[in-house]
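# Structural overview
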Amino acid sequence: MDTGLVLMSYHGSWDDAAYAEKHGFASVGFVDSPLIAGDPFVAMALTAERTSTLRIGTMLAIPSNRIAPACATAIATINRLAPGRAFLGLGTGNTGRAILGLKSLPVSRLAEYIASCRALLDGEETTHPAGDTSRWVRMAHAPEDRYVDRDGVPIYVAADGPRARGVAYELGDGWIMGLQGCNAMVNAPEVLGASLAAGRAAAAAAAAGKGPDDFYTMCSLGLCVLEEGESPMSPRALERVGPVAMLPFHAYADNPAIGAHLPSPIRDRLGIYERRVLSRLDVPRDRLYQETHRGHLSHLLPGEEDVLTEEIIRMTTLTGTAREIADVLRGLQAAGLRNVTLNPPPHLAREAVREYAEKIAPLLDAGGRV
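Keep in mind that this is a model prediction, so the values were computed, not measured. (Residues numbered from 1 in each chain as written. Predicted model: local features only at pLDDT ≥ 70, side-chain atom pairs only at ≥ 80, totals over all residues. Heavy atoms only, no water.)

## With respect to the packing of helix α5 (residues 107-121) against helix α6 (residues 162-171)
Between two packed helices, what matters for the description is the angle formed by their axes and the separation of those axes. The geometry of α5 relative to α6 is characterised by a closest axis approach of 10 Å and an angle of 10 degrees between their N-to-C directions. The pairing of α5 with α6 is recorded here as roughly parallel in orientation. Contact residues: α5 offers Val107, Ser108, Ala111 and Ile114, while α6 offers Arg163, Ala164, Val167 and Leu171. Class assignment for the residues of the contact of α5 with α6 results in six nonpolar, one polar and one charged. (Axes fitted to C-alpha atoms, helices over the stretch in contact; angles between N-to-C directions. Helix = DSSP H or I, 4+ residues; strand = E, 2+ residues; numbered from the N terminus. Parallel < 35°, antiparallel > 145°, perpendicular 65-115°, else oblique. Contact = heavy atoms within 4.5 Å. Nonpolar A, V, L, I, M, F, W, Y, C, P; charged D, E, K, R; others polar.)

## Notes on the nonpolar core
With 90 residues, the main nonpolar core has Ile75, Leu90, Leu318, Leu329 and Tyr356 as its most contacted residues. When residues in this core are grouped by element, the largest group, eight residues, is from α5. The contact partners of leucine 90, leaving out residues within four places of it in the chain, are Leu60, Ala61, Cys71, Leu110, Tyr113, Ile114, Ile155, Tyr156, Val157 and Ala158. Counting residues in each nonpolar core, the second largest holds 25 residues, with Phe249, Ala253, Tyr273 and Leu278 among its members. (Core = buried A, V, L, I, M, F, W, Y, C linked by side-chain atoms within 4.5 Å. Buried < 20%, exposed > 50% of the residue type's maximum accessible area, 1.4 Å probe, protein only.)

## Looking at the pairing of strand β1 (residues 2-7)
Counted residue by residue, β1 has five buried out of six residues, so it is predominantly covered. Where β1 lies against strand β2 (residues 27-30), four bridges are found, and the strand directions are parallel. Across the sheet, residue valine 6 finds its bridge partner in β2, namely glycine 29. Crossover connection from β1 via helix α1 (residues 13-22) to parallel β2: handedness right-handed. (Pairing = 2+ DSSP bridges. Right-handed = clockwise from strand over helix to strand, strands pointing away.)

## Let's talk about the environment of isoleucine 360
With respect to the secondary-structure elements, isoleucine 360 resides in helix α15 (residues 349-360). Put simply, isoleucine 360 and arginine 323 are 37 residues apart on the chain and 7.5 Å apart in space, counted from C-alpha to C-alpha. Setting aside anything within four residues of it in sequence, one finds isoleucine 360 in contact with Val225, Ala322, Ile325, Leu329 and Glu355.

## Some remarks on empty space enclosed by the protein
A full pass over the atoms with the stated rule returns one cavity of 30 Å³ or more. Element by element, the count of residues in the lining of the largest cavity is highest for α15, at three residues. In terms of residue class, the lining of the largest cavity is built from seven nonpolar, two polar and three charged. (1 Å grid on protein atoms, 1.4 Å probe; cavity = no way out; pocket = protein on both sides within 12 Å on 5 of 7 lines; lining within 4 Å. Points joined across faces, edges and corners; volume = space filled by probe spheres on them.)

## Comments concerning the layout of surface pockets
Size it by volume and the second largest pocket reaches roughly 300 Å³. Along the walls of the second largest pocket sit 15 residues, with Ala68, Arg109, Tyr113, Ser116 and Pro129 positioned nearest its centre. Of all the secondary structure elements, the ones that give two or more residues to the lining of the second largest pocket are α3 (68-81), α5 and β5 (126-130). Of the residues assigned to the lining of the second largest pocket, the class counts are six nonpolar, six polar and three charged.

## Digging into the environment of asparagine 94
Within the secondary structure layout, asparagine 94 lies in the loop between β4 (86-90) and α4 (95-98). Residue asparagine 94 is classed as exposed on the basis of its relative accessible area of 52%.

## What about the confidence of the model for the protein?
In the predicted model, the protein carries a mean pLDDT of 93, and 95% of its residues have values of at least 70. A low-confidence stretch, residues 366-370 stays under pLDDT 50, and its non-local contacts, those more than four residues away or across chains, total 14 contacts. (pLDDT = per-residue confidence, 0-100.)

## Thoughts on the side chain of asparagine 79
For asparagine 79, the location among the structural elements is in helix α3. By relative accessible area, which is 0% here, asparagine 79 ends up buried. Looking at asparagine 79, its side chain comes within polar contact range of the main-chain nitrogen of glycine 84, at 3.1 Å. Within the local environment of asparagine 79, its side chain forms a polar contact with the backbone oxygen of aspartate 149, the two atoms lying 2.9 Å apart. Residues within four places of asparagine 79 in sequence aside, it is in contact with Gly84, Arg85, Ala86, Asp149, Asp151 and Val153. (Polar contact = N/O pair within 3.5 Å; in protein donor to acceptor, adjacent residues only side chain to side chain.)

## Some points on the pattern of salt bridges
Side-chain pairs of opposite charge can arise whenever the charged atoms involved come near each other. Under the definition given, this model contains 16 salt bridges. Taking the shortest distance from any N to any O, the salt bridge between arginine 240 and glutamate 351 comes out at 2.3 Å. Here the residue arginine 240 occupies a position in helix α8 (residues 235-245), and glutamate 351 occupies one in helix α15, the gap between them amounting to 111 residues. Overlapping salt bridges, with partners in common, bring together Asp15, Glu49 and Arg50 in one network. (Salt bridge = Lys/Arg side-chain N within 4 Å of Asp/Glu carboxyl O.)

## Some details on helix α2 (residues 40-50)
If you check which residues of α2 are buried, you get Pro40, Phe41, Ala43, Met44, Thr47 and Ala48. The arc that holds the buried residues of α2, viewed along the axis, is 155 degrees, so those residues lie on one side. Elements that come into contact with the buried residues of α2 comprise α1, β2, β3 (55-58) and α3. Measuring from the backbone nitrogen of phenylalanine 41 back to the side-chain oxygen at the start of α2 gives 3.0 Å, which picks out aspartate 39 as the cap. (Arc of directions from axis to C-beta.)

Dropping the structure here:
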């Protein structure tokens, strides 16, 4: 199983990516969240210059952030800088649209965008909407020329729901998932296995004809190896995985209607989140989105440490002893996962790389070693 990183395109993220490559990591993905992070394609270009084996991509590019011709050209440009190493991760946009006060895109819009990017990268025509009309377009480049290398760029699709999983199998070359819908330290392998089985069934129904060896599966997660006797609520652990554990609360702030559908350990803390965090933000209620995502995958906002519990930390992240985490990762690999991607805070990226390489990798068997 490969190991990767998700980075926020901060200054120096390209050097942290190179550091991960030296420690055996296989991939790095850059988020596409304007207003709270840097530009992913700039960070990817600088990473390409500093690495030689690391696969480089978006996690995740959002269709509404750039038109398909621009996105296809951008990823093909990265592939020209790092031949055979670029991948295009696409999603409907959670945080990347929430920070604009917008909901995620419909799955149908994502499917159209995937199809357009795939056609363009394959040198085929696709329709490009322009106001009230549309035009047939295609890339004028050869598969590889002085500008781009559009040959062999895989498209990985973020999907948690059944419709999006079906699109991933039908149109994509791989699937990027989170740990939604599971208790990370308890049943993540079982949930992943069931999701993969459902996706394969959808692919069979769509005659996509993709088998396990044809489809690259990635999972993005927070990870913290606890020291002997350390609590998941220790300041050290909260600094490392607290921002990931807060993601469902941020989703609630964007859309309170989902509160009734969140797992009870999270639902039971929504009142505290309202009092300790949301009520103290210096923006009107209809502009909470300007502040709630400020610490996305980076740091806890004031009051957020009071919202979390040990149960929530272990439910939403891989936080436990090295042996506990290794056992979960073995299960995920056996269920069909091919890449576990860590999303550490920017200031702890190198520490997360070392922690995984020194404490987790040695416990995994040869098939799971980074």
